[in-house]
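Report on the structure
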Amino acid sequence: MTRLSRILCAFILLFIVSLSASAQMNFMKEANDAYDAMKYFEAIDLYKKAYTKAKKPAQKAEILFKTAECYRMSNDTRQAEVWYDKALKAKYKDHVAQLYYADMKKANEKYDEAIVEYNAYKALEPDDIRGKEGVEACTNAQKWKDDPTRYKVENMALINSEYHDFSPSYAKKDYSLLYFTSTRPSSLGKGIDEWVGQSFSDIYETKRDKNGKWSQPTPIAGEVNGPANDGSSFLDDRGSSMVFTRCDVQKTGSTVCKLCSAKKKGTGWSDIEPLPFGNDTVQVGHPSLTDDESIIYFASDMAGGQGGKDIWMATYTKKSRTWSEPKNLGPTINTPGNEMYPFIHSDGTLYFASDGQPGMGGLDIFFAKPDGDDWKKPENMKYPINSAGDDFAIIVEKNAERGYFTSNRANGKGGDDIYMFWLPPLVFTLQGVAYDVESKGYLPSTKITIDGGNGESITLETDTVGHYFTQIKQNMTYDLTASKQKFLNDNGTETTMGLTESADLVHDFYLQSTATKEIRFPDVLYDLDKYELRPESKDSLDFLYKVLVNNPTIVIELSAHTDSRGSDKYNKTLSQKRAQSCVDYLVSKGIPSDRMVPVGYGESRLLVTDADIAKLSTEEEKEAAHQKNRRTVFSVIRDNYVPKASNDGKAPSGGAN
């Protein structure tokens, strides 16, 4: 090869290398420009083309990371997980790739794997709290899934499409008209939004008929829906004015969102006016107003926030028809992450979505109660309101825990879908069986009285097998009574106070027949040859006191018995004094003396005869037999007691004291 040929070949090779480098640089620059303009779908293709031309390992790692970022920003968490993994294997130098890799694992419900990756991030960045919070979030997410709240969630399949449907808003006071945002192809905006790869969004409406069926959604009439993205609306109770988010594409190719107002004119919307928040360099959207329209809440990335997008508020002055300067809601609500889609309830509760507060996946829905000039700590609404995906843009009815929200969770109809939710009422039932305490048989036609603390009373009868059943209320304590002729009443209590789950309470009754000659109750104990009550004996008599109070029409014979040891006369006298001691105690508690007849039977009514005792082999057995004979019992003499009138003309209480 001649010298000239070698020079020519070298020139051609240099030209080819230069051309390749130029193409690589063009792809990379175009990809970065598309990324900066939030044209993520376009940027993904350009980054992949740039990767095929890249030679240096560091540049390849950067391209892999930015591709992952495009997928993350497009809410494609599965592809984002794949590409963050590739970036980490390519030794991408920024540790944030490790954090986002863990985030995607969490968003894809791989909680155990995500915990491993969050711990890896903690090792790399021990001072960054996001690693620790990620581990806690995954632990909580699994726990919340295993033990869900009582909320019920249902996909609004009739109004959702295979595209993005999100940000519902009430458009009528009776909640029968719903506005929402959609990127379905019937939207008015021309072209494709390069952020989501679908049509530009418009505001749609759907109506609910008398049967609860929602109509086919249609774009709202008028001038609200424009050539780019419109959505995230808020309407007043009259449905006559609206604030919504309008996003315009700038000459630079970037998109800037702002808030606008509109007036209802006839069947359509017009008089579009921008609200004075933000400028061409910040994003403002997601409006919600208080009932009197004096305060507006919205999301923005304007300067002075906590980081990312924050929730802000501004106050309207009717006299001057001006809005105040926006005020950031502060670090209780806002985080270094993103807080968006506020909804202010009529009771003052603020609902919002956040990916900075500990949650189950991407955006989670939280609520916070007002606390003076600040807010109480936000609470996660947990599963099934929240999921591993993005959950946001919740709206709640004024007088009921039901409403709608948006989610891109698995098994939806499209990208973002609208879901309805409601909190079913707690149901408490009370049932049981009435038994004969001696025969253990069922007691049909037993009257069951259930008295609530608010004066409410339920009366029913047991069926042929002694069973009763009724429904009771939440946060109530009930006094229960089972009564039947020729039986002593049985009483009890049941409560639903503090119960947070529906429950079926069971309370059985055991009724004592009054035909029984001797009705036993806890042993009344005395010292040897004494008739004074021991302290523990008073506890036994308190049982009998309750029987008399709960059965105010009975008159009883209270009888005391001894064993056969000692003289008959002595035993009779001792037993009479013991019976009288019991009566005296009950009188001191307020039981009228004419409801009790004390009788001492001494050894005249032995349960175990001396002959039978003599047959026993051990002293312990013999002493136990004597103990059976030493007893205090009662029997019902009659059940038609009427209290005597007192000196003031009123009947005594019959034992209540």
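Details of the structure are given in the entry above.
The numbering scheme is per chain: residues are counted from 1 as the chain's sequence reads. For a predicted model such as this one, the threshold for reporting local features is a pLDDT of at least 70, and the threshold for listing and counting side-chain atom pairs is 80 or more; totals across whole chains, interfaces and linings nevertheless cover every residue. Side-chain metrics in this entry use all non-hydrogen atoms of the structure; hydrogen atoms and water are not considered.

1. With respect to the side chain of R595
- A run of DSSP states H or I qualifies as a helix once it reaches four residues; a run of E qualifies as a strand once it reaches two. Both are numbered from the N-terminal end. Take R595: it is sitting in the loop between α9 (568-588) and β35 (596-602).
- Here R595 occupies a buried position and makes no salt bridge, while the nearest side chain of opposite charge, D594, is found at 6.5 Å.
- Reaching out from R595, the side chain makes a polar contact with the backbone oxygen of L548 at a distance of 3.1 Å.
- Residues adjacent in sequence count toward polar contacts only when both atoms are side-chain atoms; beyond that, a polar contact is any pair of N or O atoms within 3.5 Å, and within protein one must be able to donate a hydrogen and the other to accept it. Here N551 takes part through its backbone oxygen, which lies 2.7 Å from a polar atom of the side chain of R595. Each residue gets one of three labels from its accessible area relative to the maximum for its type: buried under 20%, exposed over 50%, partly exposed in between, using a 1.4 Å probe on protein chains only. For the purpose of counting charges, residues Lys and Arg are taken to be positive, whereas Asp and Glu are taken to be negative. His and the chain ends are not included. The salt bridge definition used is simple: a Lys or Arg side-chain nitrogen within 4 Å of an Asp or Glu carboxyl oxygen.

2. Quick notes on helix α8 (residues 535-550)
- What a helix is expected to span follows from its residue count: subtract one and scale by 1.5 Å. Along its 16 residues, α8 runs 24 Å from first to last C-alpha, staying within 8% of the 22 Å computed at 1.5 Å per residue.
- Where α8 is concerned, the buried positions are S537, S540, L541, L544, Y545, V547 and L548.
- By definition in these notes, contact holds between two residues if any of their heavy atoms fall within 4.5 Å. On its buried side, α8 packs onto β34 (555-561), α9, β35 and β36 (631-638).

3. So, the sheet that holds β36
- Pairs of strands are assigned from DSSP output, requiring at least two bridges between the strands. With mixed pairing, the three strands of this open sheet are ordered in space as β35-β34-β36. Each edge of the sheet is formed by a strand with only one pairing partner; in this case those strands are β35 and β36. Direction aside, the axes of adjacent strands within the sheet are offset by 25 degrees on average.
- Where β34 and β36 come together, seven bridges link them in antiparallel fashion. Paired with E557 across the bridge in β36 is S635.
- Orientation is described by axes fitted as lines to C-alpha atoms, over the contacting stretch for helices, and by angles from 0 to 180 degrees between their N-to-C directions. Contacts from α9 reach β34, β35 and β36 within the one sheet, and its direction differs from that of β35 by about 155 degrees.

4. A word on the environment of T632
- Here T632 is to be found in strand β36.
- The class of T632 is buried, set by a relative accessible area of 7%.
- A sequence separation of 173 residues divides T632 from T459, and the C-alpha atoms of the two residues are 35 Å apart.
- Beyond its immediate stretch of four places on either side in the chain, T632 contacts F521, V524, Y526, L558, S559, A560 and C582.

5. Structural notes on the pattern of salt bridges
- Counted according to the given criterion, the structure contains 31 salt bridges.
- The salt bridge partner of R238 is D236, with a shortest N-O separation of 2.9 Å.
- You can call D236 buried: its relative accessible area is 7%.
- Here R520 and D523 are joined by a salt bridge, their closest N and O atoms 3.9 Å apart.
- A relative accessible area of 44% means that R520 is categorised as partly exposed.
- Looking at D523, the relative accessible area reads 43%, which means it is partly exposed.

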